[in-house]
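These are the residues of each chain, in order.
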Amino acid sequence: MLYGYNLAVVNSPAQYIKDFYNETMVERYDWIPGEELLTVFYSLTVSIFAIGGMTGALLVGRLVTKYGRKGTLVRASVLVFIGGALMGFSRRCRMPAMVIAGRFITGVHSGISLSVVPMYLGEIAPKNLRGFLSLVPSIHICVGVFIAQVLGLSELLGKEEYWPLLLSLVVFPTTVQLMLLPWFPESPRYLLIEKGNVSATNAALKWYRPKGNFQGEVDEMQEEQRSLSSVQTVSVWGLLRDRCVRWQVITIVVVNIGMQLSGIDAIWFYTNDIFKNAGIPEPHIQYTTVATGAIEVVSGMLGCFTIERLGRRPLMIGGFLFMGFCCSGITVSVILQAELPFMRYISVGCVVGIIAGFCIGPGGVPFLITAELFKQSHRPAAYTVAGCLNWLSNFTIGFVFPFLENSTGPYCYLIFCVICLGVAVYTIFVIPETKNKTFMEISQMFAAKNNIPEEELTSKAHLKMALMNGYGTLVE
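These figures come from a predicted structure and were not determined experimentally. (Residues numbered from 1 in each chain as written. Predicted model: local features only at pLDDT ≥ 70, side-chain atom pairs only at ≥ 80, totals over all residues. Heavy atoms only, no water.)

1. Quick word on the overall build of the protein chain
To keep it simple, the criterion reads: Strands here mean DSSP runs of E at least two residues long; helices mean DSSP runs of H or I at least four residues long; both are numbered from the N terminus. Throughout, exposure labels follow a simple rule: accessible area from a 1.4 Å probe, protein chains only, divided by the maximum for the residue type, with under 20% read as buried, over 50% as exposed, and the rest as partly exposed. We call two residues contacting when some pair of their heavy atoms lies within 4.5 Å. The protein chains shown are the only cover counted for residues, whose accessible areas, like all others here, come from Shrake-Rupley with a 1.4 Å probe.
In terms of regular secondary structure, the protein chain is built from 26 helices and 0 strands. Here the protein chain, with 476 residues, has 54% of them falling under the buried criterion. Taking contacts inside the protein chain between residues at least 6 apart in sequence as the whole, the part at least 24 apart equals 80%. Carbon together with sulfur atoms contributes 66% to the accessible area of the protein chain, which is approximately 20,400 Å² in total.

2. Things to note about helix α8 (residues 136-151)
The line we're drawing: Expected span of a helix: the number of residues minus one, times 1.5 Å.
Spanning 16 residues, α8 covers 23 Å between terminal C-alpha atoms, matching the ideal 22 Å at 1.5 Å per step. If you check which residues of α8 are buried, you get Val136, Pro137, Ser138, Ile139, Ile141, Cys142, Gly144, Val145, Ala148 and Gln149.

3. A short note on a nonpolar patch on the surface
As a reminder of what qualifies: Each patch is built from residues that are more than 30% exposed by relative accessible area and take part in no salt bridge. Like charges join if they lie within 9 Å; nonpolar side chains (Val, Leu, Ile, Met, Phe, Trp, Tyr) join within 5 Å. One side-chain nitrogen of Lys or Arg within 4 Å of one carboxyl oxygen of Asp or Glu is enough to make a salt bridge.
A surface patch of nonpolar side chains, amounting to about 710 Å² of accessible area, comprises Val176, Met179, Leu180, Trp183, Phe184 and Trp207. Here the element with the most residues in the nonpolar patch is helix α10 (residues 171-180); it accounts for 3 residues. Within the element layout of this structure, Phe184 appears in the loop between α10 and α11 (188-194). Judged by relative accessible area, Phe184 falls into the partly exposed class, the value being 34%.

4. Quick notes on the packing of helix α18 (residues 282-310) against helix α19 (residues 312-336)
To keep things clear, this is the line we draw: Helix axes use the C-alpha atoms of the stretch in contact, all axes being lines fitted to C-alpha atoms, and the angles between their N-to-C directions lie in the range 0 to 180 degrees. Reported orientations rely on four angle classes, namely roughly parallel under 35 degrees, roughly antiparallel over 145, roughly perpendicular from 65 to 115, and oblique for the rest. Any residue that is not Ala, Val, Leu, Ile, Met, Phe, Trp, Tyr, Cys, Pro, Asp, Glu, Lys or Arg is counted as polar, Gly included; the first ten are nonpolar and the last four charged.
Taken N-terminus to C-terminus, the directions of α18 and α19 make an angle of 125 degrees; their axes are 7 Å apart at the nearest point. Considered as vectors, α18 and α19 are oriented oblique to each other. From α18, Gly303, Thr306, Ile307, Glu308 and Leu310 reach across to α19, where they touch Arg312, Pro314 and Leu315. Residue classes in the contact of α18 with α19 are distributed as 4 nonpolar, 2 polar and 2 charged.

5. With respect to the nonpolar core
For clarity, the threshold we go by: Residues belong to one nonpolar core when they are buried, are Ala, Val, Leu, Ile, Met, Phe, Trp, Tyr or Cys, and are joined through side-chain atoms within 4.5 Å.
Ranked by size, the top nonpolar core spans 59 residues in total, and within it Leu239, Ile330, Ile354, Phe374, Tyr413 and Phe416 carry the most contacts. Counting 25 residues, the second-largest nonpolar core is a separate cluster that includes Tyr5, Val80, Val145 and Trp163.

6. As for the confidence of the model for the protein chain
Using the following cut-off: Values of pLDDT, the confidence the predictor places in each residue, fall between 0 and 100.
On average, residues of the protein chain score 80 in pLDDT, and 87% of them reach the 70 mark or higher. In the predicted structure, residues 457-476 sits below a pLDDT of 50 and forms 59 contacts with residues beyond four places in sequence or in another chain.

7. Some thoughts on the packing of aromatic side chains
Our working definition: When two rings of Phe, Tyr or Trp (its six-membered ring) have centres within 6.5 Å they constitute a pair, described as stacked for plane angles under 30 degrees, edge-to-face for angles over 60, and tilted for the intermediate range.
Applying the stated rule across the entire model yields 9 aromatic pairs. Here the aromatic rings of Tyr3 and Trp391 are separated by 5.4 Å at their centres, their planes lie at 80 degrees, and the arrangement is edge-to-face. With Tyr3 in helix α1 (residues 2-8) and Trp391 in helix α22 (residues 379-408), this residue pair connects regions lying 388 residues apart in the sequence. Judged on exposure class, the residue Tyr3 and its partner Trp391 are both buried. For the ring pair Tyr413 and Phe416, a centre distance of 6.1 Å and an interplane angle of 70 degrees mean the geometry is edge-to-face.

8. Regarding unusual backbone geometry
Residues other than glycine predominantly adopt negative phi, and peptide bonds predominantly adopt the trans conformation. Located in the positive-phi region is Arg94, a residue other than glycine, with phi close to 60 degrees. The residue Arg94 is located in the loop between α5 (90-93) and α6 (96-124) in this model. Relative accessible area serves as the criterion here: at 24%, Arg94 is assigned to the partly exposed category.

9. Focus on the pattern of salt bridges
Across all of its chains, the model carries 2 salt bridges by this definition. Between Arg94 and Glu27 there is a salt bridge, with the nearest N and O atoms lying 2.9 Å from each other. A residue pair is termed long-range when its members are at least 10 positions apart, and Arg94 in the loop between α5 and α6 and Glu27 in helix α2 (residues 14-29) qualify at 67 residues.

10. Thoughts on the side chain of Ser90
Looking at the element boundaries, Ser90 is found in helix α5. Leave out the neighbours within four places in its chain, and Ser90 touches Phe20, Met95, Met98, Val99 and Trp163.

11. Some remarks on the packing of α19 against helix α23 (residues 412-429)
Packed helix pairs are characterised by how far apart their axes lie and by the angle those axes make with each other. The following threshold applies: By convention the crossing between two helices is left-handed if the near helix lies anticlockwise of the far one by an angle smaller than a right angle, and right-handed if it lies clockwise.
Between α19 and α23, the shortest axis-to-axis distance is 8 Å and the interhelical angle comes to 160 degrees. It follows from the interaxial angle that α19 and α23 lie roughly antiparallel. Remark: the crossing between α19 and α23 carries left-handed chirality. The residues of α23 that touch α19, namely those facing Arg313, Met316, Ile317, Phe320, Leu321, Met323, Gly324, Cys327, Ser328, Ile330 and Thr331, are Tyr413, Leu414, Phe416, Cys417, Cys420, Leu421, Val423, Ala424, Thr427 and Ile428. A breakdown of the residues in the contact of α19 with α23 according to their chemical character gives 16 nonpolar, 4 polar and 1 charged.

Listed below in structure tokens is the structure:
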């Protein structure tokens, strides 16, 4: 939820933050910066969050191995208090650097949490709920965005004197998390497979399954532990060089970059500016933004509850095609709104369509596909690659979009349109449906593309991994 909140929270107080930067420059250096330089500073404030996220993503592997899933989340919470304090006291200290540093530190926390939370949920969930729960974090991201939009209303915290408080409110949900999370058990799979602690595993499963018979799960995890004893974990460099997963790697590159370069980050970061340029009256912009947040939550829930019924491909293809159509719609409507005033409402509808299309499929499915396309030995490296590309693309959009919009006007959305259509076409022709498929079946789907002989897929090591499904658990 904090990830979604931090994505959207800088949208409402954008002008106040720029004014703060301008005032401190005048006070400290007796120099009035130009509008373009202020845009650079604000773009850095927005996009530095993604650099922190990429840093956090690079730390996940070591942290979860050393401290566990729950332990990593508890320890990472300290970063939120540090970042929140820096942003909260930045105005009083008259230091713009504190805002930027605070955004970076909260970004590190989000980079860690965005990988560890799905991992933790997937490992504590029963097998029949694991696919559904893997998309639950995407709903919470939408809720975080919605909360930031509501609190940013001028009737609440959307006033000039309150913007540091608005940025620092992340400490309150983190406090609640610190009060509750330590009472939850560690991931049973981590305790048994990585630590070999059978008694702690039984205690954790008893806590999570108070009325169920979990001995079968213990036996399953022990068998998984034995099957993984002969499998060596692949490094990032090894993953990129392994021809057996060449098209799987290309796929996660395409879907993760496409996910961020689809234009959704531009919508989240600069919603108010987009609506202003679309001709929406100034007093109505904030309420329009909140309405889009509510639609975002509903769309996320729709995708979460339909993915196991429809599959991954329909949500990805439909989501990206609809987003591409709406991006082109924004361009057309903004160009024509001078002559046709009703076109401003078409622009708003297209923005809502982009958000809805993203939350239904492209917002969560790429994380799930990254898990399903790789075996256990390749999965950590695959998540590292996917996470870095995801956050790097996030940074690129956050920093470049204001300048892109200034130089190309409404035509900038045609770039997003091409990207969305390109990812949809790639999904149609390359990515198979992975719903209810085992690792061996998915490997055979990609074998022809990777030019892998059939006998190589059925080697002893691959047979051991063939017993495992896309979530790293053994199929009974």
